[in-house]
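Working through the structure, step by step
Given next are the chains, with one letter for each unit.
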Amino acid sequence: MESIQYNLPQNRIPLAWYNIVADLPKPMAPVLHPGTLQPIGPEDLAPLFPMSLIQQEVSREREIEIPGPVRQVYAQWRPAPLFRARRLEKALDTPAKIYYKYEGVSPAGSHKPNTAVPQAYYNKIEGTKRLSTETGAGQWGSSLAMACAFFGIECKVYMVRVSYDQKPYRRALMEAYGASVTSSPSIETESGRAILAEHPDTNGSLGIAISEAVEVAAKDPNTKYALGSVLNHVLLHQTVIGLETIEQMALAGDEPDVILACAGGGSNFAGLAMPYLGRKLKGQSQARVVAVEPSACPSLTKGHFAYDFGDTAHLTPLMRMHTLGSTFIPPGIHAGGLRYHGMAPLVSHVMDLGLVEATTVQQLDAFAAGIQFARAEGIIPAPEANHAVAAAIREALQAKEEGKERTILFVLSGHGHFDMQSYIAYQAGKLENYEYPAEEIAMALAGLPSVS
Ligand SMILES: *Cc1c(COP(=O)(O)O)cnc(C)c1O
(Lines give C-alpha, C1' and ligand atoms only; values in the text may rest on other atoms or scores of the structure.)
Protein backbone atom coordinates (compact mmCIF):
# COMPACT_ATOMS: atom_id res chain seq x y z
CA MET A 1 0.00 0.00 0.00
CA GLU A 2 1.27 3.50 -0.82
CA SER A 3 1.71 5.80 2.16
CA ILE A 4 -0.57 8.76 2.37
CA GLN A 5 -0.03 9.79 5.97
CA TYR A 6 3.14 10.59 7.92
CA ASN A 7 2.38 10.62 11.61
CA LEU A 8 4.54 11.48 14.57
CA PRO A 9 3.91 10.19 18.08
CA GLN A 10 2.63 12.62 20.69
CA ASN A 11 6.03 12.95 22.37
CA ARG A 12 7.30 14.55 19.15
CA ILE A 13 5.25 17.71 19.73
CA PRO A 14 8.03 20.34 19.68
CA LEU A 15 9.45 21.37 23.08
CA ALA A 16 10.23 24.89 21.86
CA TRP A 17 8.99 27.34 19.22
CA TYR A 18 11.54 28.53 16.64
CA ASN A 19 12.32 32.25 16.53
CA ILE A 20 13.88 33.10 13.16
CA VAL A 21 14.79 36.59 14.43
CA ALA A 22 17.90 34.95 15.96
CA ASP A 23 19.08 33.88 12.50
CA LEU A 24 18.11 36.84 10.30
CA PRO A 25 20.96 38.26 8.20
CA LYS A 26 19.58 41.78 8.78
CA PRO A 27 17.52 42.98 11.76
CA MET A 28 13.91 44.10 11.41
CA ALA A 29 12.95 47.78 11.55
CA PRO A 30 11.79 48.84 15.02
CA VAL A 31 8.12 49.30 15.92
CA LEU A 32 7.39 53.02 16.42
CA HIS A 33 5.20 54.92 18.84
CA PRO A 34 2.41 56.59 16.81
CA GLY A 35 2.83 59.90 18.65
CA THR A 36 6.60 60.31 19.07
CA LEU A 37 7.72 58.16 16.11
CA GLN A 38 10.41 56.78 18.45
CA PRO A 39 10.92 53.02 18.89
CA ILE A 40 8.49 51.73 21.50
CA GLY A 41 9.52 49.91 24.67
CA PRO A 42 7.85 47.04 26.51
CA GLU A 43 6.03 49.47 28.83
CA ASP A 44 4.20 51.00 25.84
CA LEU A 45 2.62 47.62 25.10
CA ALA A 46 1.88 46.70 28.72
CA PRO A 47 -1.73 48.02 28.69
CA LEU A 48 -2.53 45.62 25.84
CA PHE A 49 -0.47 42.47 26.39
CA PRO A 50 0.91 40.40 29.29
CA MET A 51 4.67 40.81 29.83
CA SER A 52 5.56 37.25 28.76
CA LEU A 53 4.05 37.87 25.32
CA ILE A 54 5.74 41.28 25.06
CA GLN A 55 9.07 39.57 25.81
CA GLN A 56 8.41 37.04 23.06
CA GLU A 57 7.48 39.90 20.72
CA VAL A 58 10.98 41.40 21.04
CA SER A 59 12.95 38.21 21.75
CA ARG A 60 16.15 37.29 19.91
CA GLU A 61 16.37 33.83 21.48
CA ARG A 62 16.40 31.12 18.84
CA GLU A 63 14.30 28.68 20.84
CA ILE A 64 11.48 29.58 23.23
CA GLU A 65 10.22 26.79 25.43
CA ILE A 66 6.58 25.79 25.07
CA PRO A 67 5.03 25.70 28.57
CA GLY A 68 3.86 22.26 29.78
CA PRO A 69 0.17 23.23 30.08
CA VAL A 70 0.23 24.53 26.49
CA ARG A 71 1.83 21.34 25.15
CA GLN A 72 -0.78 19.41 27.10
CA VAL A 73 -3.58 21.20 25.22
CA TYR A 74 -1.69 20.86 21.90
CA ALA A 75 -1.61 17.10 22.53
CA GLN A 76 -5.35 16.89 21.80
CA TRP A 77 -4.68 17.39 18.07
CA ARG A 78 -0.91 17.69 17.60
CA PRO A 79 1.28 16.58 15.96
CA ALA A 80 -1.10 17.48 13.11
CA PRO A 81 -1.05 15.03 10.20
CA LEU A 82 1.01 15.43 7.04
CA PHE A 83 -0.69 13.87 4.02
CA ARG A 84 0.51 13.00 0.55
CA ALA A 85 -2.28 13.99 -1.84
CA ARG A 86 -1.98 10.93 -4.07
CA ARG A 87 -5.54 11.07 -5.39
CA LEU A 88 -5.16 14.76 -6.26
CA GLU A 89 -1.85 13.97 -8.00
CA LYS A 90 -3.66 11.32 -10.08
CA ALA A 91 -6.56 13.64 -10.87
CA LEU A 92 -4.07 16.24 -12.11
CA ASP A 93 -2.03 13.58 -13.92
CA THR A 94 1.11 15.32 -12.72
CA PRO A 95 4.64 14.03 -12.13
CA ALA A 96 4.73 16.32 -9.06
CA LYS A 97 4.36 15.01 -5.52
CA ILE A 98 1.96 17.04 -3.38
CA TYR A 99 2.12 17.04 0.42
CA TYR A 100 -0.13 18.99 2.75
CA LYS A 101 0.07 19.67 6.46
CA TYR A 102 -3.50 19.62 7.74
CA GLU A 103 -4.29 22.12 10.50
CA GLY A 104 -8.06 21.56 10.33
CA VAL A 105 -7.80 18.81 12.96
CA SER A 106 -7.87 21.29 15.85
CA PRO A 107 -11.25 21.52 17.64
CA ALA A 108 -11.85 25.00 16.18
CA GLY A 109 -10.92 23.73 12.71
CA SER A 110 -7.82 25.77 11.85
CA HIS A 111 -4.23 26.60 12.84
CA LYS A 112 -5.41 29.50 15.04
CA PRO A 113 -5.54 27.52 18.32
CA ASN A 114 -1.74 27.08 18.04
CA THR A 115 -1.46 30.67 19.25
CA ALA A 116 -4.84 31.15 20.97
CA VAL A 117 -3.89 28.54 23.57
CA PRO A 118 -0.53 30.06 24.62
CA GLN A 119 -2.01 33.58 24.52
CA ALA A 120 -4.84 32.60 26.86
CA TYR A 121 -2.37 30.68 29.04
CA TYR A 122 0.09 33.60 29.50
CA ASN A 123 -2.79 36.01 30.15
CA LYS A 124 -4.22 33.67 32.75
CA ILE A 125 -0.97 33.33 34.69
CA GLU A 126 -0.52 37.12 34.65
CA GLY A 127 -4.02 37.73 36.03
CA THR A 128 -5.98 38.94 32.98
CA LYS A 129 -9.76 38.62 33.53
CA ARG A 130 -10.98 39.32 30.01
CA LEU A 131 -9.55 39.25 26.48
CA SER A 132 -10.87 41.41 23.65
CA THR A 133 -10.19 40.62 20.04
CA GLU A 134 -11.32 40.95 16.43
CA THR A 135 -12.26 38.19 14.05
CA GLY A 136 -12.73 38.08 10.29
CA ALA A 137 -14.28 34.80 9.19
CA GLY A 138 -14.61 33.74 12.83
CA GLN A 139 -11.73 31.26 12.89
CA TRP A 140 -9.65 33.36 15.23
CA GLY A 141 -12.60 34.38 17.41
CA SER A 142 -13.67 30.78 17.89
CA SER A 143 -10.11 29.65 18.61
CA LEU A 144 -9.61 32.33 21.24
CA ALA A 145 -13.08 31.69 22.69
CA MET A 146 -12.15 28.02 23.09
CA ALA A 147 -8.77 28.79 24.66
CA CYS A 148 -10.39 31.29 27.05
CA ALA A 149 -12.90 28.62 28.07
CA PHE A 150 -9.99 26.22 28.82
CA PHE A 151 -8.20 28.75 31.04
CA GLY A 152 -11.22 30.49 32.62
CA ILE A 153 -11.00 33.95 30.99
CA GLU A 154 -13.88 36.00 29.54
CA CYS A 155 -13.74 36.64 25.81
CA LYS A 156 -15.13 39.60 23.86
CA VAL A 157 -15.08 39.39 20.06
CA TYR A 158 -15.64 42.10 17.43
CA MET A 159 -16.62 40.23 14.28
CA VAL A 160 -16.28 41.91 10.87
CA ARG A 161 -19.81 42.72 9.69
CA VAL A 162 -19.70 40.95 6.32
CA SER A 163 -18.56 37.72 8.03
CA TYR A 164 -21.04 38.17 10.89
CA ASP A 165 -23.76 38.12 8.21
CA GLN A 166 -22.15 35.42 5.98
CA LYS A 167 -21.12 33.00 8.76
CA PRO A 168 -23.73 32.73 11.53
CA TYR A 169 -22.48 29.29 12.63
CA ARG A 170 -19.04 30.66 13.53
CA ARG A 171 -20.74 33.17 15.78
CA ALA A 172 -22.83 30.38 17.31
CA LEU A 173 -19.62 28.41 17.98
CA MET A 174 -17.99 31.37 19.72
CA GLU A 175 -21.09 31.80 21.87
CA ALA A 176 -21.15 28.07 22.63
CA TYR A 177 -17.59 28.47 23.99
CA GLY A 178 -18.93 31.33 26.14
CA ALA A 179 -17.68 34.39 24.23
CA SER A 180 -19.64 37.57 23.65
CA VAL A 181 -19.76 38.53 19.94
CA THR A 182 -20.55 41.95 18.42
CA SER A 183 -20.82 42.88 14.74
CA SER A 184 -18.09 45.39 13.78
CA PRO A 185 -18.20 48.34 13.32
CA SER A 186 -20.41 48.67 16.40
CA ILE A 187 -21.84 51.55 18.38
CA GLU A 188 -20.01 50.24 21.48
CA THR A 189 -16.73 52.01 20.75
CA GLU A 190 -15.59 55.45 19.63
CA SER A 191 -13.75 53.92 16.66
CA GLY A 192 -16.85 51.99 15.61
CA ARG A 193 -19.12 55.02 15.89
CA ALA A 194 -16.69 57.15 13.87
CA ILE A 195 -16.60 54.62 11.00
CA LEU A 196 -20.38 54.18 11.04
CA ALA A 197 -20.89 57.95 10.84
CA GLU A 198 -18.73 58.05 7.71
CA HIS A 199 -19.64 54.69 6.08
CA PRO A 200 -23.00 53.47 7.47
CA ASP A 201 -23.18 50.60 4.92
CA THR A 202 -19.60 49.36 5.35
CA ASN A 203 -18.76 45.63 5.18
CA GLY A 204 -16.40 46.22 8.06
CA SER A 205 -12.80 45.04 7.94
CA LEU A 206 -10.19 43.48 10.17
CA GLY A 207 -8.56 46.91 10.47
CA ILE A 208 -11.76 48.38 11.91
CA ALA A 209 -12.47 45.45 14.23
CA ILE A 210 -8.90 45.66 15.57
CA SER A 211 -9.48 49.33 16.44
CA GLU A 212 -12.58 48.41 18.43
CA ALA A 213 -10.92 45.55 20.32
CA VAL A 214 -7.78 47.59 21.09
CA GLU A 215 -9.86 50.52 22.32
CA VAL A 216 -11.80 48.31 24.73
CA ALA A 217 -8.59 46.81 26.16
CA ALA A 218 -6.85 50.19 26.43
CA LYS A 219 -9.76 51.57 28.47
CA ASP A 220 -10.18 48.66 30.91
CA PRO A 221 -7.35 47.58 33.24
CA ASN A 222 -8.82 44.06 33.58
CA THR A 223 -9.02 43.53 29.83
CA LYS A 224 -6.11 42.73 27.56
CA TYR A 225 -6.06 42.45 23.81
CA ALA A 226 -5.24 39.37 21.72
CA LEU A 227 -4.32 39.38 18.04
CA GLY A 228 -4.67 36.29 15.86
CA SER A 229 -1.94 37.07 13.32
CA VAL A 230 0.67 39.66 12.22
CA LEU A 231 2.69 40.04 15.46
CA ASN A 232 6.01 38.28 16.06
CA HIS A 233 4.77 36.27 19.05
CA VAL A 234 1.81 34.96 17.05
CA LEU A 235 4.05 33.84 14.18
CA LEU A 236 6.41 32.29 16.72
CA HIS A 237 3.64 30.12 18.20
CA GLN A 238 2.69 28.92 14.73
CA THR A 239 6.16 27.48 14.09
CA VAL A 240 4.97 24.18 15.59
CA ILE A 241 3.51 23.67 12.09
CA GLY A 242 6.85 23.78 10.29
CA LEU A 243 8.87 22.09 13.03
CA GLU A 244 6.60 19.05 12.91
CA THR A 245 6.49 19.11 9.11
CA ILE A 246 10.28 18.97 8.80
CA GLU A 247 10.28 15.74 10.82
CA GLN A 248 7.34 14.35 8.86
CA MET A 249 8.93 15.11 5.49
CA ALA A 250 11.98 13.23 6.76
CA LEU A 251 9.71 10.25 7.51
CA ALA A 252 8.40 10.55 3.95
CA GLY A 253 12.01 10.68 2.73
CA ASP A 254 11.36 13.85 0.75
CA GLU A 255 12.52 17.45 0.67
CA PRO A 256 10.15 20.13 -0.70
CA ASP A 257 11.09 22.09 -3.85
CA VAL A 258 8.30 24.60 -3.27
CA ILE A 259 6.50 25.56 -0.07
CA LEU A 260 3.13 27.33 -0.19
CA ALA A 261 0.65 28.82 2.24
CA CYS A 262 -2.12 31.36 2.01
CA ALA A 263 -1.30 34.68 3.64
CA GLY A 264 -3.72 37.07 5.28
CA GLY A 265 -1.74 38.45 8.19
CA GLY A 266 0.91 35.82 7.54
CA SER A 267 0.69 33.46 10.51
CA ASN A 268 0.05 30.07 8.93
CA PHE A 269 2.51 30.98 6.19
CA ALA A 270 5.15 31.88 8.75
CA GLY A 271 4.30 28.79 10.78
CA LEU A 272 5.38 26.54 7.93
CA ALA A 273 7.89 28.84 6.27
CA MET A 274 10.07 30.12 9.12
CA PRO A 275 11.45 26.73 10.24
CA TYR A 276 12.20 25.98 6.56
CA LEU A 277 13.83 29.40 6.10
CA GLY A 278 15.97 28.55 9.13
CA ARG A 279 17.12 25.48 7.18
CA LYS A 280 17.55 27.54 4.03
CA LEU A 281 19.80 30.03 5.84
CA LYS A 282 21.95 27.06 6.93
CA GLY A 283 22.06 25.72 3.37
CA GLN A 284 19.92 22.67 4.24
CA SER A 285 17.00 23.57 1.96
CA GLN A 286 16.77 25.04 -1.53
CA ALA A 287 12.99 25.32 -1.51
CA ARG A 288 11.18 28.26 -3.06
CA VAL A 289 8.88 29.65 -0.39
CA VAL A 290 5.72 31.32 -1.70
CA ALA A 291 2.97 33.27 0.07
CA VAL A 292 -0.41 33.14 -1.68
CA GLU A 293 -2.69 36.17 -1.46
CA PRO A 294 -6.16 36.98 -2.79
CA SER A 295 -6.08 39.25 -5.87
CA ALA A 296 -8.58 41.51 -4.09
CA CYS A 297 -6.23 42.21 -1.16
CA PRO A 298 -2.63 41.80 -2.39
CA SER A 299 -0.48 43.44 0.29
CA LEU A 300 2.77 41.55 -0.50
CA THR A 301 2.48 41.68 -4.28
CA LYS A 302 1.09 45.21 -4.70
CA GLY A 303 1.53 46.98 -1.36
CA HIS A 304 4.26 49.36 -0.25
CA PHE A 305 6.92 48.26 2.26
CA ALA A 306 6.44 51.17 4.63
CA TYR A 307 5.54 52.16 8.15
CA ASP A 308 1.79 51.95 8.70
CA PHE A 309 -0.81 51.47 11.38
CA GLY A 310 -2.15 48.01 12.12
CA ASP A 311 -5.72 49.29 12.39
CA THR A 312 -8.09 51.71 10.71
CA ALA A 313 -8.60 54.13 13.61
CA HIS A 314 -4.80 54.48 14.13
CA LEU A 315 -4.66 53.29 17.74
CA THR A 316 -1.81 50.77 17.18
CA PRO A 317 1.94 51.44 16.94
CA LEU A 318 3.51 51.89 13.52
CA MET A 319 5.02 48.78 11.99
CA ARG A 320 7.15 48.53 8.87
CA MET A 321 5.28 46.10 6.65
CA HIS A 322 3.84 45.51 3.22
CA THR A 323 0.61 47.47 3.31
CA LEU A 324 -2.24 48.61 1.11
CA GLY A 325 -2.91 51.50 3.48
CA SER A 326 -4.69 51.21 6.81
CA THR A 327 -7.81 52.98 5.53
CA PHE A 328 -8.24 50.49 2.66
CA ILE A 329 -11.39 48.40 3.15
CA PRO A 330 -10.92 45.23 1.06
CA PRO A 331 -13.75 43.85 -1.13
CA GLY A 332 -16.06 41.39 0.67
CA ILE A 333 -14.39 38.19 -0.52
CA HIS A 334 -15.46 35.04 1.31
CA ALA A 335 -11.95 34.34 2.53
CA GLY A 336 -12.56 36.76 5.42
CA GLY A 337 -9.29 35.78 7.09
CA LEU A 338 -7.35 37.23 4.14
CA ARG A 339 -9.07 40.64 4.20
CA TYR A 340 -6.30 42.55 5.99
CA HIS A 341 -4.57 45.67 4.64
CA GLY A 342 -1.13 44.73 5.95
CA MET A 343 1.23 41.77 6.22
CA ALA A 344 3.15 40.60 9.27
CA PRO A 345 6.34 42.73 9.62
CA LEU A 346 8.40 39.54 9.92
CA VAL A 347 6.95 38.10 6.70
CA SER A 348 7.38 41.49 5.00
CA HIS A 349 10.99 41.57 6.16
CA VAL A 350 11.92 38.12 4.80
CA MET A 351 10.17 39.08 1.55
CA ASP A 352 12.28 42.24 1.42
CA LEU A 353 15.40 40.12 2.01
CA GLY A 354 14.45 38.04 -1.02
CA LEU A 355 14.00 34.87 1.02
CA VAL A 356 10.36 34.38 -0.01
CA GLU A 357 8.10 35.20 -2.98
CA ALA A 358 4.41 36.00 -3.29
CA THR A 359 1.66 35.26 -5.79
CA THR A 360 -2.07 35.93 -6.09
CA VAL A 361 -5.22 33.89 -6.74
CA GLN A 362 -8.66 35.13 -7.81
CA GLN A 363 -11.71 34.19 -5.72
CA LEU A 364 -13.32 31.94 -8.38
CA ASP A 365 -10.06 30.06 -9.03
CA ALA A 366 -9.68 29.55 -5.28
CA PHE A 367 -13.14 27.98 -4.95
CA ALA A 368 -12.69 25.86 -8.09
CA ALA A 369 -9.48 24.52 -6.54
CA GLY A 370 -11.24 23.85 -3.23
CA ILE A 371 -13.94 21.81 -4.97
CA GLN A 372 -11.34 19.84 -6.94
CA PHE A 373 -9.41 19.22 -3.74
CA ALA A 374 -12.54 18.06 -1.88
CA ARG A 375 -13.42 15.60 -4.64
CA ALA A 376 -9.93 14.12 -4.59
CA GLU A 377 -8.97 14.29 -0.92
CA GLY A 378 -12.34 14.45 0.88
CA ILE A 379 -11.50 17.52 2.94
CA ILE A 380 -13.46 20.68 2.14
CA PRO A 381 -10.98 23.51 2.71
CA ALA A 382 -11.68 26.87 4.33
CA PRO A 383 -11.99 29.62 1.68
CA GLU A 384 -8.64 31.03 2.85
CA ALA A 385 -6.94 27.65 2.46
CA ASN A 386 -8.36 27.37 -1.07
CA HIS A 387 -5.79 29.97 -2.11
CA ALA A 388 -2.95 27.65 -1.09
CA VAL A 389 -4.66 24.71 -2.81
CA ALA A 390 -5.05 26.72 -6.02
CA ALA A 391 -1.37 27.68 -5.99
CA ALA A 392 -0.34 24.06 -5.31
CA ILE A 393 -2.44 22.88 -8.25
CA ARG A 394 -0.88 25.58 -10.43
CA GLU A 395 2.61 24.33 -9.48
CA ALA A 396 1.63 20.72 -10.15
CA LEU A 397 0.23 21.56 -13.59
CA GLN A 398 3.31 23.56 -14.44
CA ALA A 399 5.49 20.58 -13.48
CA LYS A 400 3.37 18.47 -15.82
CA GLU A 401 3.78 20.95 -18.67
CA GLU A 402 7.53 20.98 -18.16
CA GLY A 403 7.55 17.19 -17.77
CA LYS A 404 9.53 17.59 -14.52
CA GLU A 405 9.23 16.12 -11.06
CA ARG A 406 8.61 18.60 -8.26
CA THR A 407 7.85 18.16 -4.58
CA ILE A 408 5.16 20.58 -3.46
CA LEU A 409 4.33 21.19 0.19
CA PHE A 410 1.52 23.38 1.48
CA VAL A 411 -0.44 24.08 4.65
CA LEU A 412 -4.13 23.34 4.54
CA SER A 413 -4.83 25.93 7.23
CA GLY A 414 -8.39 24.87 8.05
CA HIS A 415 -11.53 23.07 6.98
CA GLY A 416 -14.55 24.82 5.52
CA HIS A 417 -17.36 23.20 7.52
CA PHE A 418 -18.50 26.59 8.81
CA ASP A 419 -18.08 28.23 5.41
CA MET A 420 -20.57 26.18 3.43
CA GLN A 421 -22.67 29.28 2.74
CA SER A 422 -19.73 30.47 0.65
CA TYR A 423 -19.69 27.17 -1.24
CA ILE A 424 -23.47 27.43 -1.77
CA ALA A 425 -22.97 30.89 -3.25
CA TYR A 426 -20.08 29.62 -5.39
CA GLN A 427 -22.01 26.60 -6.72
CA ALA A 428 -24.99 28.89 -7.50
CA GLY A 429 -22.69 31.09 -9.60
CA LYS A 430 -23.10 34.03 -7.24
CA LEU A 431 -19.43 34.64 -6.40
CA GLU A 432 -17.38 37.01 -8.50
CA ASN A 433 -13.77 37.89 -9.06
CA TYR A 434 -12.76 41.34 -7.97
CA GLU A 435 -10.58 43.50 -10.11
CA TYR A 436 -7.57 44.84 -8.25
CA PRO A 437 -9.14 47.85 -6.48
CA ALA A 438 -6.44 50.21 -7.77
CA GLU A 439 -8.14 53.52 -7.02
CA GLU A 440 -9.07 52.79 -3.42
CA ILE A 441 -5.61 51.38 -2.73
CA ALA A 442 -3.92 54.42 -4.30
CA MET A 443 -6.02 56.63 -2.03
CA ALA A 444 -5.23 54.58 1.07
CA LEU A 445 -1.51 54.53 0.20
CA ALA A 446 -1.51 58.29 -0.27
CA GLY A 447 -2.53 58.50 3.38
CA LEU A 448 0.43 56.48 4.70
CA PRO A 449 2.04 58.17 7.71
CA SER A 450 5.29 59.93 6.83
CA VAL A 451 8.23 58.49 8.72
CA SER A 452 11.74 59.49 7.70
C1 LIG B 1 -7.13 33.22 9.80
C2 LIG B 1 -6.94 32.22 8.76
C3 LIG B 1 -6.06 32.44 7.69
C4 LIG B 1 -5.32 33.73 7.49
O5 LIG B 1 -4.53 34.13 8.54
P6 LIG B 1 -2.94 34.00 8.51
O7 LIG B 1 -2.52 34.74 9.72
O8 LIG B 1 -2.46 34.64 7.26
O9 LIG B 1 -2.64 32.56 8.58
C10 LIG B 1 -5.88 31.43 6.77
N11 LIG B 1 -6.55 30.27 6.86
C12 LIG B 1 -7.42 30.02 7.85
C13 LIG B 1 -8.14 28.72 7.88
C14 LIG B 1 -7.64 30.99 8.84
O15 LIG B 1 -8.48 30.73 9.82
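Everything in this summary refers to the structure shown in the same document. (Residues numbered from 1 in each chain as written. Predicted model: local features only at pLDDT ≥ 70, side-chain atom pairs only at ≥ 80, totals over all residues. Heavy atoms only, no water.)

What follows is about empty space enclosed by the protein. Here the structure, examined in full by the defined rule, presents 3 cavities of 30 Å³ or more. Empty space within the largest cavity amounts to approximately 350 Å³. Together, 29 residues line the largest cavity, and Lys112, Leu206, Ser229, Gly265 and Gly337 are the ones closest to its centre. Elements represented by at least two residues in the lining of the largest cavity include exactly β6 (130-135), α6 (139-151), α10 (206-219) and α13 (267-281). Partitioning the lining of the largest cavity into residue classes produces 11 nonpolar, 15 polar and 3 charged. (1 Å grid on protein atoms, 1.4 Å probe; cavity = no way out; pocket = protein on both sides within 12 Å on 5 of 7 lines; lining within 4 Å. Points joined across faces, edges and corners; volume = space filled by probe spheres on them. Helix = DSSP H or I, 4+ residues; strand = E, 2+ residues; numbered from the N terminus. Nonpolar A, V, L, I, M, F, W, Y, C, P; charged D, E, K, R; others polar.)

Moving on: unusual backbone geometry. Of note, the bond from arginine 78 into proline 79 is cis; its omega dihedral lies within 30 degrees of zero at -10°. Its place among the elements puts proline 79 in the loop between α3 (68-74) and β4 (82-84). Between serine 184 and proline 185 the backbone carries a cis peptide bond, its omega angle lying at 5°. By the secondary structure assignment, proline 185 is in the loop between β8 (180-184) and α9 (190-198). For leucine 37, which is not a glycine, the phi torsion comes out positive at approximately 60°. Its place among the elements puts leucine 37 in the loop between β2 (16-18) and α1 (42-45).

Formed by 57 residues in total, the largest nonpolar core has its most connected members in Tyr225, Phe269, Met274, Leu277, Val347 and Leu409. In this structure, Ile98, Val292, Ala388 and Phe410 belong to the second largest nonpolar core, which totals 36 residues. (Core = buried A, V, L, I, M, F, W, Y, C linked by side-chain atoms within 4.5 Å. Buried < 20%, exposed > 50% of the residue type's maximum accessible area, 1.4 Å probe, protein only.)

As a further point, take the packing of aromatic side chains. Throughout the structure, instances matching the rule amount to 11 aromatic pairs. Aromatic side chains tyrosine 121 and tyrosine 122 sit 5.4 Å apart centroid to centroid with 65° between the ring planes, which places their arrangement in the edge-to-face category. Residue tyrosine 121 is classed as buried on the basis of its relative accessible area, which comes to 14%. Through successive ring pairs, a cluster of aromatic residues spans Phe83, Tyr100, Phe373 and Phe410. The cationic tip of lysine 302 hangs over the ring face of tyrosine 436; the distance from NZ or CZ to the ring centre is 4.0 Å. (Phe/Tyr/Trp six-rings, centres within 6.5 Å; stacked < 30°, edge-to-face > 60°. Lys NZ or Arg CZ within 6 Å of the ring centre and 35° of its normal.)

What follows concerns the environment of arginine 394. Tracing the sequence through the fold places arginine 394 in helix α17 (residues 383-402). Look at arginine 394 and you get partly exposed, because its relative accessible area is 40%. Sequence-wise, arginine 394 and alanine 369 are 25 residues apart; in three dimensions their C-alpha atoms are separated by 9.5 Å. Within the structure, arginine 394 has its side chain in polar contact with the backbone oxygen of threonine 360 (distance 2.7 Å). (Polar contact = N/O pair within 3.5 Å; in protein donor to acceptor, adjacent residues only side chain to side chain.)

A separate point is the pattern of salt bridges. On inspection of all chains with the given rule, the structure shows 20 salt bridges. In this structure, arginine 12 engages glutamate 247 in a salt bridge whose closest nitrogen and oxygen atoms are separated by 2.9 Å. Taken together, the positions of arginine 12 in the loop between β1 (5-6) and β2 and glutamate 247 in helix α12 (residues 240-252) put the pair 235 residues apart, joining distant regions of the chain. Residue classification places arginine 12 among the partly exposed positions, given a relative accessible area of 40%. Salt-bridge contacts for glutamate 244 lead to lysine 101; the nearest nitrogen and oxygen are separated by 2.7 Å. (Salt bridge = Lys/Arg side-chain N within 4 Å of Asp/Glu carboxyl O.)

Looking only at helix α19 (residues 438-446), the buried set comprises Ile441, Ala444 and Leu445. Buried residues of α19, seen end-on, are gathered within an arc of 100° and therefore sit on one face of the element. In α19, the exposed residues that point more than 90 degrees away from the buried face are Glu439, Met443 and Ala446. Among the structural elements, β12 (304-309) and β13 (318-323) are those in contact with the buried residues of α19. (Arc of directions from axis to C-beta. Contact = heavy atoms within 4.5 Å.)

Turning to the site of the ligand, a few remarks are in order. With respect to spatial proximity, 18 residues lie near the ligand, and among them Lys112, Ser229, Gly264, Ser267 and Ser413 are the closest. One nitrogen or oxygen atom from the side chain of serine 229 is found 2.5 Å from an oxygen atom belonging to the ligand. The fraction of the free accessible surface of the ligand (380 Å²) that becomes covered by protein chains is 97%. Spatially, the ligand is embedded in the largest cavity. Tallied by class, residues from the shell around the ligand come to 4 nonpolar, 12 polar and 2 charged. (Near = heavy atom within 4 Å. Areas by Shrake-Rupley, 256 points an atom, 1.4 Å probe, with all protein chains shown as cover. Sits in = over half its atoms within 2 Å of the grid points.)

Spatial relationships are all this shows, so hold off on functional conclusions.
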